[in-house]
Amino acid sequence: MNSPVHNASFYDRVIILEQGNFLLSCMTTLRNYETSPIDFHRTFEVVSTQLIAAVHTDPFNVETPTGLTYSGCKQVKPICGVSILRAGESFENALRRCCGMGKILIQRDEETFTPTHLYSKLPRNIKESTVLILEPMLATGGSASKAVESLKEKGVSEGNIIFVNLVASRFGLETIMTRFPELRLVTAAIDEQLTSSRHIAPGLGDFGDRFYGTEE
Ligand code: URA
């Protein structure tokens, strides 16, 4: 698929994890079709912790015992996660410390690929929180857009939403970042291709099947 708009200006709202050897070795394990579900699961725990850690970035100064100021960072605002079922639930271990966890169910028509919002259950304090939408695979951006729209309909401001993702297709990334000019996104990888069945390529296959060890 071709990119929707060639607009590079949104990249200042995108955090891509540093592509060091440790992350690359984890991504190699996740992408390898021979990796067992248990190893896939273990490796995803490591990468998802890094993805969640990358969003804790509010500047915060403290005084050290030497009486000097250390300019650091801390998550000041309450944070909550909203996972897009079913693959997004894979992030929940990495977010155990957060105050609330919501769920959104979006179903995609197998032929037209049109996404429909079916269900959501959201934390009470969601309007005052930084909201992490949890979805490991960002393919066309259809379900992602529906999730952002449904949070906005519930009163969450777009600037408080961070999309937390493992692999994004270039097309899906450009689609959602152009459609939502205040959205922020964290990812570990951007892949250039989408297959005719809307899988990310090279990608890692169906994330839910690989994480839960279910059949394709
Ligand atoms: N969802 C997946 O699990 N994999 C893809 O490649 C795209 C969407």
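We now turn to the structure provided with this report. On a predicted model such as this, the values are computed, not experimentally measured, just so you know.

Parameters at a glance
Each chain carries its own residue numbering, running from 1 in the written order of its sequence. Owing to the predicted nature of the model, reporting of local features is limited to residues with pLDDT of at least 70; listing and counting of side-chain atom pairs is limited to 80 or more, with chain, interface and lining totals taken over all residues. Excluding hydrogens and water, the side-chain values take into account all heavy atoms of the structure. What makes two strands pair is DSSP finding at least two bridges between them. The way it works is that DSSP assigns letters per residue, a run of H or I at least four long becomes a helix, a run of E at least two long becomes a strand, and they are numbered from the N terminus. Throughout, an axis means a line fitted to C-alpha atoms (over the contacting stretch in the case of helices), and angles, computed between N-to-C directions, take values from 0 to 180 degrees. Planes of paired rings set the category: under 30 degrees apart is stacked, over 60 is edge-to-face and the rest tilted, where pairs are Phe, Tyr or Trp rings (Trp by its six-membered ring) whose centres lie within 6.5 Å. Only protein chains enter the accessibility calculation, which uses a 1.4 Å probe; a residue whose area is less than 20% of its type maximum is buried, one above 50% is exposed, and one in between is partly exposed.

## Some points on the sheet that holds strand β6 (residues 115-121)
On the basis of which strands lie adjacent, the open sheet formed by 7 strands has the order β1-β11-β9-β7-β4-β5-β6 and mixed pairing. Edge positions in the sheet fall to β1 (14-16) and β6, since each of these pairs with one other strand and no more. Across the sheet, the mean angle separating the axes of adjacent strands is 20° when strand polarity is ignored. Two strands pair when backbone bridges link them, and strand β9 (residues 161-164) and strand β11 (residues 184-187) are joined in this way by 3 bridges, in the parallel orientation. Across the sheet, Ile162 pairs through a bridge with Arg184, a residue of β11.

## Quick notes on the packing of aromatic side chains
We describe a pair of aromatic rings using the distance from one ring centre to the other and the angle between the two ring planes. Going through the model one piece at a time under the given rule, you end up with 7 aromatic pairs. Considering the side-chain rings of Phe44 and Phe207, the 5.0 Å spacing of their centres and the 70° angle between planes classify their relative orientation as edge-to-face. With Phe44 in helix α2 (residues 37-53) and Phe207 in helix α5 (residues 207-212), this residue pair connects regions lying 163 residues apart in the sequence. Like Phe44, the residue Phe207 is buried in the burial classification. An angle of 85° between the planes, with centres 5.8 Å apart, marks the rings of Phe44 and Phe211 as edge-to-face. Note that Phe44 is positioned in helix α2 and Phe211 in helix α5, a separation of 167 residues in sequence. There is no split in this pair, since Phe44 and Phe211 are both buried. An aromatic cluster is present here, built from Phe40, Phe44, Phe91, Phe207, Phe211 and Tyr212 joined pairwise through their rings.

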